[in-house]
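One-letter residues, chain by chain:
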Amino acid sequence: MQFLELDETDYTSLLSGALNQYVRTRSANNLPAPSTPHAKRQSFKNLDRSSCFDLIQRITESSLLILEIKVTHDGRRLHSFDAKQREIDSVLREIGIPLDYCYNKKSDYSEVNDDEYTLNYSMTSSPDLVANDEGVISYEDKHLTLKSLVDDLLEKRSANAGSVGALFNSGVLERIRDLNMKLIFFSVIADDFLFFSNHELEELVSSYQQHIKLGRGIDLQNSSRQEIAEALSRNADHLREMVSQHKTRKERREELRRNRSRDNGGRSRSI
C-alpha cells in the first residue's frame, strides 16, 4: 500500500491544533486559536495586502508567533522552498517582525495525536539560517524546537511585536485573522500607542493604510535584498513621521483646550 506524504496544508492544520491546545493549557489568557490564512492571502510579492505567512497566533497579549511553514520528506530538503521569499522574510525579520520558519522532523503527528509531541518534533529557525538557496536545511544546531520557542514567549511575557496588543484592546482589530503583514509592520514601527485615545489610534491606522504602501516603488520579485531593505526603511521613516505629526496635532489641540479653560476661568472670576 502506498502512503501519502505529509503535505504543507495538513502539517499547518496539525500545528494549529497542537499550538491551540498547548497554549490554552499553559496560559491564563483566553486568546484566539491560531489563524491560518488562505493561500490566496499569502503572496510575498504584495506586502501591502497579503499576510505573507502560513500561521499566526497571539501567545500572550503582546507577543506573536508568526510562522512560514515548510515540509521535508527526507529530512534534508524543504519542499517548495523559495529563495526570494526567504530573502524578503529575512528583511522583515531584520526590521523587527518576529517571523520564523517551521518544518517537520516527523510525519506521524496525526497518529501520535499529542500536542507536545508535535511541538517537540517541529523545528523553527530565523529565515537566514533555515536553509540554503536550494532549500537544503542548514545550521541545524541553531534551530529550536517549536515547543522551546513557544515556551520562551510564554515565560518572558514581553512584547515581541511592538504594541500589537493595543490594536486589539482599542478595538481597531477584533479578529486575529485580520492581522496581516502591513498591520504587524505598523505595530512594530509605530510601537507606542499609549499617547492616543482609541478613536485617535483608529484614525492613525486609517491614515497609514491609505497613505503608506509597503515596498512602494520596487518590484519585490526582482529587487535585491538591499533594495527591499531600503524600501521598507523608507516606509518606516514615513510611518514614524506620520505618528509624530499626529502627536503634534494632538498636543496642539490639548494646549488650545487648556488655554480656553484658563480664559473661561479668568472671565468667571472677573464677573
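Quick caveat, the model's predicted, so the values are computed rather than measured.

Peer 1: Residues and numbers for the overall build of the protein chain, please.
Peer 2: Counting its regular elements, the protein chain contains ten helices and five strands. Here the protein chain, with 271 residues, has 47% of them falling under the buried criterion. Considering only intrachain contacts with a sequence separation of at least 6, the fraction spanning at least 24 residues in the protein chain is 68%. For the protein chain, the accessible surface area stands at approximately 14,400 Å², while carbon and sulfur atoms represent 43% of it.

Peer 1: Outline the pattern of salt bridges, listing residues and values.
Peer 2: On inspection of all chains with the given rule, the structure shows 17 salt bridges. Note that Glu68 and Lys70 form a salt bridge whose closest N and O atoms lie 3.5 Å from each other. Its relative accessible area of 4% is what places Lys70 among the buried residues. A salt bridge links Lys105 to Glu140, with the nearest nitrogen and oxygen atoms 3.7 Å apart. Residue Lys105 is found in the loop between strand S3 (99-104) and helix H3 (109-112), and its partner Glu140 is found in the loop between helix H5 (127-130) and strand S5 (144-145); the two are separated by 35 residues along the sequence. On the basis of relative accessibility, which here comes to 45%, the residue Lys105 falls in the partly exposed class. With a relative accessible area of 41%, Glu140 lands in the partly exposed category.

Peer 1: Please provide a residue-by-residue account of the nonpolar core, values included.
Peer 2: In terms of nonpolar packing, the biggest core is built from 50 residues, with Ile97, Leu179, Ile184, Phe185, Phe186 and Leu239 touching the most fellow members. At the level of secondary structure, the elements contributing two or more residues to this core comprise strand S2 (63-70), helix H2 (83-94), S3, helix H7 (164-169), helix H8 (181-190), helix H9 (198-211) and helix H10 (225-270). Here this core gets eight residues from one element, more than from any other, and that element is H8. Other than its neighbours up to four places away in sequence, Leu239 contacts Phe185, Phe186, Ile189, Ala190, Tyr208 and Ile212. Membership of the second largest hydrophobic core comes to 22 residues, among which are Ile69, Val71, Cys102 and Leu154.

Peer 1: Lay out the sheet that holds S3 with the relevant residues and their values.
Peer 2: Spatially, the five strands line up as an open sheet ordered S1-S2-S3-S4-S5, and their pairing is mixed. The two strands at the open ends of the sheet, each matched to only one other strand, are strand S1 (55-60) and S5. Across two bridges, strand S4 (residues 122-125) lies against S5 in antiparallel orientation. Residue pairing across strands places Met123 opposite Thr145, the latter belonging to S5. Across the sheet, H2 is in contact with S2 and S3; its angle to S3 comes to roughly 135°.

Peer 1: Explain the pairing of S1 residue by residue, including any values.
Peer 2: Burial within S1 is extensive, with six of its six residues counted as buried. In terms of strand pairing, S1 meets S2 through five bridges, oriented antiparallel. Bridging across to S2, Thr60 finds its partner in Ser63. The antiparallel hairpin formed by S1 and S2 contains two residues in its connecting segment.

Peer 1: Go over the environment of Lys182 with me, naming the residues and quoting the values.
Peer 2: With respect to the helices and strands, the residue Lys182 is situated in helix H8. Once the C-alpha coordinates of Lys182 and Arg49 are considered, the two residues, 133 residues apart in sequence, prove to be 7.0 Å apart. Here the side chain of Lys182 touches Gln209 through a polar contact of 3.1 Å, landing on its backbone oxygen.

Peer 1: Tell me what's going on with the packing of aromatic side chains, and back it up with residues and numbers.
Peer 2: In the structure shown here, the tally under the stated rule is five aromatic pairs. Plain terms: the ring middles of Tyr109 and Tyr117 are 6.2 Å apart, the flat faces sit at 65° to each other, and that makes the pair edge-to-face. Seen from their ring centres, Tyr117 and Tyr121 are 4.8 Å apart, and the 45° between their planes marks the pair as tilted. Note on Tyr121: relative accessible area 36%, which makes it partly exposed. Clustering of aromatic rings is evident, with ring pairs tying together Tyr11, Tyr109, Tyr117 and Tyr121. Positioned above the aromatic ring of Phe168, the side-chain terminus of Arg58 is 4.2 Å from the ring centre. Residue placement shows Lys182 over the ring face of Tyr208; its charged tip is 5.3 Å from the ring centre.

Peer 1: Describe the side chain of His143, naming the residues involved and giving the relevant values.
Peer 2: Tracing the backbone shows His143 in the loop between H5 and S5. Given a relative accessible area of 7%, His143 falls into the buried group.

Calculation rules
Residues numbered from 1 in each chain as written. Predicted model: local features only at pLDDT ≥ 70, side-chain atom pairs only at ≥ 80, totals over all residues. Heavy atoms only, no water. Helix = DSSP H or I, 4+ residues; strand = E, 2+ residues; numbered from the N terminus. Buried < 20%, exposed > 50% of the residue type's maximum accessible area, 1.4 Å probe, protein only. Contact = heavy atoms within 4.5 Å. Areas by Shrake-Rupley, 256 points an atom, 1.4 Å probe, with all protein chains shown as cover. Salt bridge = Lys/Arg side-chain N within 4 Å of Asp/Glu carboxyl O. Core = buried A, V, L, I, M, F, W, Y, C linked by side-chain atoms within 4.5 Å. Pairing = 2+ DSSP bridges. Axes fitted to C-alpha atoms, helices over the stretch in contact; angles between N-to-C directions. Polar contact = N/O pair within 3.5 Å; in protein donor to acceptor, adjacent residues only side chain to side chain. Phe/Tyr/Trp six-rings, centres within 6.5 Å; stacked < 30°, edge-to-face > 60°. Lys NZ or Arg CZ within 6 Å of the ring centre and 35° of its normal.

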